[in-house]
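Listed below, chain by chain, are the residues.
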Amino acid sequence: MPHKTRVLAVVGPTAGGKSDLAMALAQYLPIEIVCMDSMQIYQGMDIGTAKPTPEDRTRVAHHMLDVCTPHQAYSVAEYVEAADAAIAGIVVRGHVPVLVGGTGLYLRALRYPMTLGGGARDDAVRARYQQMLEKEGAQAVHALLHQRDPEAARTLHPNNTRRVIRALEVLEVTGQPFSSQRMPEEHEERYAMTVLGTQWPRPTLYERINLRVERMMQAGLVEEVRALLDSGVSPDAQSMQGLGYKEVIPYLAGQATREDTVELISRRTRNYAKRQLTWFNREPGLIWIDMKSQPQKEWAARIAARWHNEH
RNA sequence: GCCUUGGUAGCUCAGUCGGUAGAGCAGUAGACUGAAAAUCUACGUGUCGGUGGUUCAAUUCCGCCCCAAGGCA
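Starting from 1, residues in each chain are numbered consecutively following that chain's sequence as written. The naming scheme follows written order: chains are lettered A onward, ligands numbered 1 onward. Owing to the predicted nature of the model, reporting of local features is limited to residues with pLDDT of at least 70; listing and counting of side-chain atom pairs is limited to 80 or more, with chain, interface and lining totals taken over all residues. With hydrogens and water set aside, each side-chain value is computed from the structure's full complement of heavy atoms.

Chemist: Hey, could you run me through the pairing of strand 1 (residues 6-11) in this one?
Modeler: Looking along a regular strand, one sees side chains alternate from face to face of the sheet. Counted residue by residue, strand 1 has five buried out of six residues, so it is predominantly covered. At least two DSSP bridges between two strands are needed for those strands to be called paired. The helix and strand labels rest on DSSP assignments: H or I over at least four residues marks a helix, E over at least two residues marks a strand, and numbering proceeds from the N terminus. Sheet topology note: the strand 1/strand 5 (residues 192-199) ladder contains six bridges and is parallel. Opposite Val11, over in strand 5, you have Gly197 as the bridge partner. Here strand 1 runs beside strand 4 (residues 96-100); their pairing, made up of three bridges, is parallel. When the sheet's bridge partners are listed, Leu8 is paired in strand 4 with Val98. Throughout, exposure labels follow a simple rule: accessible area from a 1.4 Å probe, protein chains only, divided by the maximum for the residue type, with under 20% read as buried, over 50% as exposed, and the rest as partly exposed.

Written as structure tokens, this is what we have:
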């Protein structure tokens, strides 16, 4: 049996310095970066997603950026397939694959074999349940799920209509109950992955977020969003649900002040960072890196040394 | 100086016909299997501006004071 491919992952909340740490790592290891971010996937969304700069991309090869247009909808399953291929390519080149990003579900789907609904997706079915939801309410849809897949209904809150509908969709399209998807065991890991998480004191992290939002505005976030809308991207598009995008749309329409918009983006980004922390705190084997305890360069050197030692 | 309206949770405010009060947001914790920067769940004691008075009992009624906004001089 060939042993599993070794992969490094740098995860953590937004504005936690993941990309910077990865770039610092490049001074010690021959790395290539695989971005693990559900919004950096989209072309033309650079400022709001804090996408790595062209300079960084020249210095170190980056993968999984700009893989689809903002008009399209992207999914975890597509991500896993493409990211697997990117990792394989990096290994062939004799380089070290480094996953960098804050999308917890992408990480998990890459780490473990997950059924992800067994290849099922049907917009028509989805729309039908959506209609039922609007007509009969959340309780009715949940009751239907309870009838067809009691196990799934038990674990999903009736108000979480999005996932209740998804459960119904999977059942209908695949014939397999949503609840039959199980959490894989730890030994089923698909890679030999070292997962590092950037850690900051909460107040510091929140300050970093506030600062970053202000910088994004100064860097032209509003113009970026306007350009996307002008190019025909629907405000309802999946890409426009990204933080900083959905909030700027009302501002462009004159429905909010700049000040309120900045505050709203900052607040929601802080909320998001908290959700990411909840996710990563549960991530098996994750090693938190206290970013305040020593300079980033030191951390990069240590991580590289450890990488060699474990070889 | 006078009049009016306010002063209640970190913020915006509701409320108590007198029995020490509750929403939204923030915050904290959590969930998460082809939308995940999405979606969802749980958690609300604070001298009810201060001080006297009436009362068995005052955040609530009355007096005075302080602060804020507006108006009149």
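Chemist: Would you explain the sheet that holds strand 5 in this entry?
Modeler: One key point about sheets: their strands pair by backbone hydrogen bonds, in either a parallel or an antiparallel sense. In spatial order, the strands read 3-2-4-1-5-6; together these six strands make up an open sheet with parallel pairing. Strand pairing shows two members of the sheet lacking a second neighbour, strand 3 (62-63) and strand 6 (287-290), which therefore form its edges. Here strand 5 pairs with strand 6 via four bridges, running parallel. Looking across to strand 6, one finds that Thr198 is bridged to Ile289.

Chemist: I'm lost on the packing of helix 9 (residues 202-218) against helix 12 (residues 258-281) in this one. Help?
Modeler: How two helices sit against one another is set out by the angle between their axes and by the gap between those axes. Note on geometry: axes are C-alpha line fits, over the in-contact stretch for helices, and angles between N-to-C directions span 0 to 180 degrees. The geometry of helix 9 relative to helix 12 is characterised by a closest axis approach of 9 Å and an angle of 140° between their N-to-C directions. Between helix 9 and helix 12, the angle falls in the class oblique. Where helix 9 crosses over helix 12, the two elements pack in a sense that is right-handed. From helix 9, Arg202, Leu205, Tyr206, Ile209, Asn210, Val213, Glu214 and Met217 reach across to helix 12, where they touch Arg258, Val262, Ile265, Ser266, Thr269, Arg270, Ala273, Lys274 and Leu277. A per-class count over the contact of helix 9 with helix 12 returns nine nonpolar, three polar and five charged. Here the angle decides the label: under 35 degrees means roughly parallel, over 145 means roughly antiparallel, 65 to 115 means roughly perpendicular, and every other value means oblique. Each crossing is labelled by how the near helix is turned from the far one, with a counterclockwise turn of less than a right angle marking it left-handed and a clockwise turn marking it right-handed. Contact definition: two residues touch when any of their heavy atoms are within 4.5 Å. Polarity classes work like this: nonpolar for Ala, Val, Leu, Ile, Met, Phe, Trp, Tyr, Cys and Pro, charged for Asp, Glu, Lys and Arg, and polar for all others, with Gly in that last group.

Chemist: Just to check I follow, could you spell out the packing of aromatic side chains for this structure?
Modeler: Here a ring pair, both rings aromatic, is described through the centre-centre distance and the interplanar angle of the planes. Pairs were defined over the aromatic rings of Phe, Tyr and Trp, the Trp ring being its six-membered one, requiring ring centres within 6.5 Å. Orientation was assigned from the angle between planes: stacked under 30 degrees, edge-to-face over 60, tilted for the rest. Here the structure, examined in full by the defined rule, presents one aromatic pair. For the cation-ring pair, Arg6 lies above Trp307, with the distance from its terminal atom to the ring centre recorded as 3.9 Å. Two conditions define a charge located above a ring, namely a distance within 6 Å from the ring centre to NZ of Lys or CZ of Arg, and an angle within 35 degrees of the ring normal. Positioned above the aromatic ring of Tyr129 is the side chain of Arg128, whose terminal nitrogen or guanidinium carbon lies 5.3 Å from the ring centre.

Chemist: Would you mind showing me how to read the side chain of His62 here?
Modeler: Tracing the backbone shows His62 in strand 3. On the basis of relative accessibility, which here comes to 17%, the residue His62 falls in the buried class. Within the structure, His62 has its side chain in polar contact with the backbone oxygen of Val60 (distance 2.8 Å). Excluding residues within four positions of it along the chain, His62 makes contact with Met23, Ile33, Cys35, Pro52, Asp56 and Arg57. As used in this structure description, the phrase polar contact means that two N or O atoms lie within 3.5 Å; if the pair is within protein, one of them must be able to donate a hydrogen and the other to accept it, and residues adjacent in sequence are counted only when both atoms belong to side chains.

Chemist: Looking at this structure, how should I read the packing of helix 1 (residues 18-25) against helix 13 (residues 296-309)?
Modeler: Orientation of helix 1 relative to helix 13, taken along the N-to-C sense of each, is 60°, at an axis distance of 9 Å. In terms of orientation, helix 1 and helix 13 fall into the oblique class. Where helix 1 crosses over helix 13, the two elements pack in a sense that is right-handed. Of the residues in helix 13, those touching helix 1 at Asp20, Leu21, Ala24 and Leu25 are Gln296, Trp299, Ala300, Ile303 and Ala304.

Chemist: Is there a simple way to think about the protein's contact with RNA strand B in this case?
Modeler: As a matter of local geometry, RNA strand B sits amid 47 residues, with Ser38, Leu116, Arg163, Arg182 and Arg275 nearest to it. We call a residue near a molecule or strand as soon as one heavy atom of that residue lies within 4 Å of the molecule or strand. Among the atoms of RNA strand B lying within 4 Å of the protein, the sugar-phosphate backbone contributes 63%. The contact in question runs from a base nitrogen of RNA strand B to an N or O atom on the side chain of Asp37, over 3.1 Å. In this structure, Arg282 approaches RNA strand B through a side-chain N or O atom, which is 2.5 Å from a phosphate oxygen. Listing elements by their share of the surface near RNA strand B, those giving two or more residues are helix 3 (76-92), helix 4 (104-111), helix 8 (161-174), helix 9 and helix 12. Tallying contributions element by element places helix 12 first for the surface near RNA strand B, with eight residues.

Chemist: Could you clarify how one ought to interpret the environment of Ala127 in this entry?
Modeler: With respect to the secondary-structure elements, Ala127 resides in helix 5 (residues 123-136). With 38 residues separating them in the primary sequence, Ala127 and Ile165 have C-alpha atoms 9.3 Å apart.

Chemist: For this particular structure, what's the right way to read the side chain of Glu169?
Modeler: In this fold, Glu169 is placed in helix 8. Residue Glu169 is classed as buried on the basis of its relative accessible area, which comes to 0%.

Chemist: Where do I start with the pattern of salt bridges in this structure?
Modeler: Opposite charge on two side chains permits pairing when their charged atoms draw close. Criterion for a salt bridge: a side-chain nitrogen of Lys or Arg within 4 Å of a carboxyl oxygen of Asp or Glu. Under the counting rule described, the total for this entry stands at 17 salt bridges. Among the salt bridges present, the one from Arg6 reaches Glu310, with a minimum N-O distance of 3.9 Å. Placement of Arg6 in strand 1 and of Glu310 in the segment after helix 13 is noted, with a sequence separation of 304 residues between them. Judged by relative accessible area, Glu310 falls into the partly exposed class, the value being 44%. Here Arg268 and Glu247 are joined by a salt bridge, their closest N and O atoms 3.0 Å apart. Here Arg268 is found in helix 12, whereas its partner Glu247 is found in the loop between helix 10 (221-230) and helix 11 (248-252), with 21 residues between them in sequence. Residue classification places Arg268 among the partly exposed residues on the basis of a relative accessible area of 29%. For Glu247, a relative accessible area of 3% translates into the label buried. The network of salt bridges with common partners includes Asp46, Lys51, Arg57 and Asp66.

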